[in-house]
Amino acid sequence: MKLYAVSDGPPSLAVRMCLQVLNIPYEHISVDYGKAEHLTDAYEKMNPQREIPVLDDEGFFLSESNAILQYLCDKYAPASELYPRDAKERAVVNHRLCFNLAFLYPQISAHVMAPIFFDYQRTEMSLKKLNMALAAFQTYLQRAGTKYAAGNGLTIADFPLITSIMCLEAIAFDVRVSYPTVHEWYTGFKQAHPEL
């Protein structure tokens with residue numbers, strides 16, 4: 001198994017966390033984003049979207065980090081609580097994955113990542129959208145009242161959410177005061193899983 005990934009890219013890190021927790025051996029093939037290695041014709045054959053990461057499981061190519069997380073659990077650890085079989089529990093995990101993909105990470109990416117890597121400016125609007133997304137996440141965590149993002153046990157939903165919130169450290173955005181529940185969840189994860 002090979003994972004074409006950026007060493008510190010949030011979606012890549014989320015997949016690497018899952019591979020580590022499931023103890024699945026793999027070869028990490030570093031894709032140099034700065035040199036546009038993901039835009040080559042060879043890479044496009046694996047992923048027409050030309051995004052990172054891509055999993056190569058003996059010639060089966062899969063992109064989209066959420067799909068990779070789900071696939072790894074379904075194929076290699078179908079009984080794992082990382083991706084529960086119960087319909088309602090799995091629905092919450094899937095919700096958190098979708099929430100991060102469609103709502104939280106795009107705002108973090110626009111406010112934090114784009115100004116670092118591209119010619120974008122942080123604006124009052126990008127900050128407002130980021131705060132709206134963080135407020136929604138805080139509400140989900142408060143209403144659930146659980147240790148992890150989708151329950152009292154670690155699930156694949158935590159990996160992309162953790163790597164998203166981790167991006168805020170790049171600009172010293174402190175969630176502690178305005179989003180204490182998010183801060184508690186984030187620091188709790190880091191304390192419980194220092195190896196990740």
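Residues numbered from 1 in each chain as written. Predicted model: local features only at pLDDT ≥ 70, side-chain atom pairs only at ≥ 80, totals over all residues. Heavy atoms only, no water.

Undergrad: Which parts of the structure should I look at to understand the overall build of the chain?
TA: A count of helical and extended segments in the chain gives seven helices and four strands. Listed N to C, the secondary structure of the chain is β-α-β-α-β-β-α-α-α-α-α in terms of helices and strands. By its C-alpha atoms, the chain is 45 × 45 × 25 Å across when sized along the principal axes. Evaluated residue by residue, the chain yields a buried proportion of 45% over its 196 residues. Here the contacts in the chain between residues at least 6 apart in sequence split such that 63% fall between residues at least 24 apart. About 10,200 Å² of surface is accessible on the chain, with carbon and sulfur atoms providing 53% of the total. The distance from the centre of the 17 positive side-chain charges to the centre of the 22 negative ones in the chain is 5 Å. (Helix = DSSP H or I, 4+ residues; strand = E, 2+ residues; numbered from the N terminus. Buried < 20%, exposed > 50% of the residue type's maximum accessible area, 1.4 Å probe, protein only. Contact = heavy atoms within 4.5 Å. Areas by Shrake-Rupley, 256 points an atom, 1.4 Å probe, with all protein chains shown as cover. Lys, Arg positive; Asp, Glu negative; His and termini not counted. Charge placed at Lys NZ, Arg CZ, Asp CG, Glu CD.)

Undergrad: Got a minute to help me understand the pairing of strand β3 (residues 54–57) in this structure?
TA: In summary, the side chains of a regular strand alternate between the two faces of the sheet. Going residue by residue along β3, you find Val-54 and Asp-56 tucked away on one face and Leu-55 and Asp-57 tucked away on the opposite face as well. The sheet contact formed by β3 and strand β4 (residues 60–63) spans four bridges and is antiparallel. Bridge pairing links Asp-57 to Phe-60 in β4. Hairpin connection between β3 and β4: a loop of two residues separates the two successive antiparallel strands, and Glu-58 in this loop has a positive phi of roughly 55°. (Pairing = 2+ DSSP bridges.)

Undergrad: Got a minute to help me understand helix α3 (residues 65–76) in this structure?
TA: In an α-helix, one full turn covers 3.6 residues, which means residues spaced three or four apart are oriented alike. For α3, spanning twelve residues, the distance from its first C-alpha to its last is 16 Å, which sits close to the expected 16 Å at 1.5 Å a residue. Those residues of α3 that fall on the buried side of the exposure criterion are Ser-65, Asn-66, Ile-68, Leu-69, Tyr-71, Leu-72 and Cys-73. The inward-facing, buried residues of α3 abut α1 (10–21), β3, β4, α4 (87–117) and α6 (158–167). (Expected span 1.5 Å × (residues − 1).)

Undergrad: Is there a simple way to think about the packing of α4 against α6 in this case?
TA: Where α4 contacts α6, the axes come no closer than 9 Å and their chain directions differ by 15°. With respect to α6, the element α4 is oriented roughly parallel. Between α4 and α6 lies a crossing whose hand is left-handed. The segment α4 lies against α6, with Arg-96, Leu-97, Phe-99, Asn-100, Leu-104, Tyr-105, Ile-108, Val-112 and Met-113 engaging Pro-160, Leu-161, Ser-164, Ile-165 and Cys-167. Class assignment of the residues belonging to the contact of α4 with α6 gives a composition of eleven nonpolar, two polar and one charged. (Axes fitted to C-alpha atoms, helices over the stretch in contact; angles between N-to-C directions. Parallel < 35°, antiparallel > 145°, perpendicular 65-115°, else oblique. Left-handed = near helix turned anticlockwise from the far one by under 90°. Nonpolar A, V, L, I, M, F, W, Y, C, P; charged D, E, K, R; others polar.)

Undergrad: Just to check I follow, could you spell out α4 for this structure?
TA: When the terminal C-alpha atoms of α4 are compared, their 40 Å separation across 31 residues is substantially less than the 45 Å that a helix rising 1.5 Å per residue should span. Within α4, the axis deviates most sharply at Asn-100, by approximately 45°. Capping of α4 at its N-terminal end is provided by Asp-86; its side-chain oxygen lies 3.1 Å from the backbone amide nitrogen of Lys-88. (Bend = angle between axes of the 7 residues up to and from the residue. Polar contact = N/O pair within 3.5 Å; in protein donor to acceptor, adjacent residues only side chain to side chain.)

Undergrad: Sorry if this is basic, but what is going on with the pattern of salt bridges here?
TA: Two side chains with opposite charge may pair up if their charged atoms get near one another. Scanning all chains against the criterion turns up five salt bridges. The partner of Asp-74 in a salt bridge is Arg-85, and the shortest N-O contact between them spans 3.4 Å. Here Arg-85 lies in the loop between α3 and α4 and Asp-74 lies in helix α3, a separation of eleven residues in the sequence. Residue Glu-169 is joined to Lys-190 by a salt bridge in which the shortest nitrogen-to-oxygen separation is 3.2 Å. Placement of the pair is Glu-169 in the loop between α6 and α7 (180–192) and Lys-190 in helix α7, with a sequence separation of 21 residues. Linked by salt bridges that have partners in common, Asp-74, Arg-85 and Arg-90 make up one network. (Salt bridge = Lys/Arg side-chain N within 4 Å of Asp/Glu carboxyl O.)

Undergrad: Where do I start with the side chain of Ser-12 in this structure?
TA: Its place among the elements puts Ser-12 in helix α1. Assessed through its relative accessible area of 1%, Ser-12 is described here as buried. If we skip the residues at most four places from it in the chain, Ser-12 touches Leu-3, Ala-5, Val-6, Ile-52 and Pro-53.

Undergrad: What exactly am I supposed to notice about the sheet that holds strand β2 (residues 27–30) here?
TA: Strand-to-strand pairing in sheets goes through backbone hydrogen bonds, with the strands running parallel or antiparallel. The strand order across the open sheet built from four strands is β2-β1-β3-β4, with neighbouring strands paired in mixed fashion. Since the sheet does not close on itself, it has two edges, and those belong to β2 and β4, each with one partner. The sheet shows a mean angle of 20° between the axes of neighbouring strands, direction not considered. Against the sheet, α1 makes contact with β1 (2–5) and β2, and its axis sits at roughly 155° relative to β1, the strand it touches most.

Undergrad: So what exactly am I meant to see when it comes to unusual backbone geometry here?
TA: A negative phi holds for most residues other than glycine; trans holds for most peptide bonds. Cis geometry is found at the peptide bond from Ile-52 to Pro-53, where omega equals 10°. The phi angle at Asn-23 is positive, at roughly 55°, despite the residue not being glycine. Residue placement: Asn-23 occurs in the loop between α1 and β2. Of the residues examined, Asn-23 reaches a relative accessible area of 67% and is grouped as exposed.

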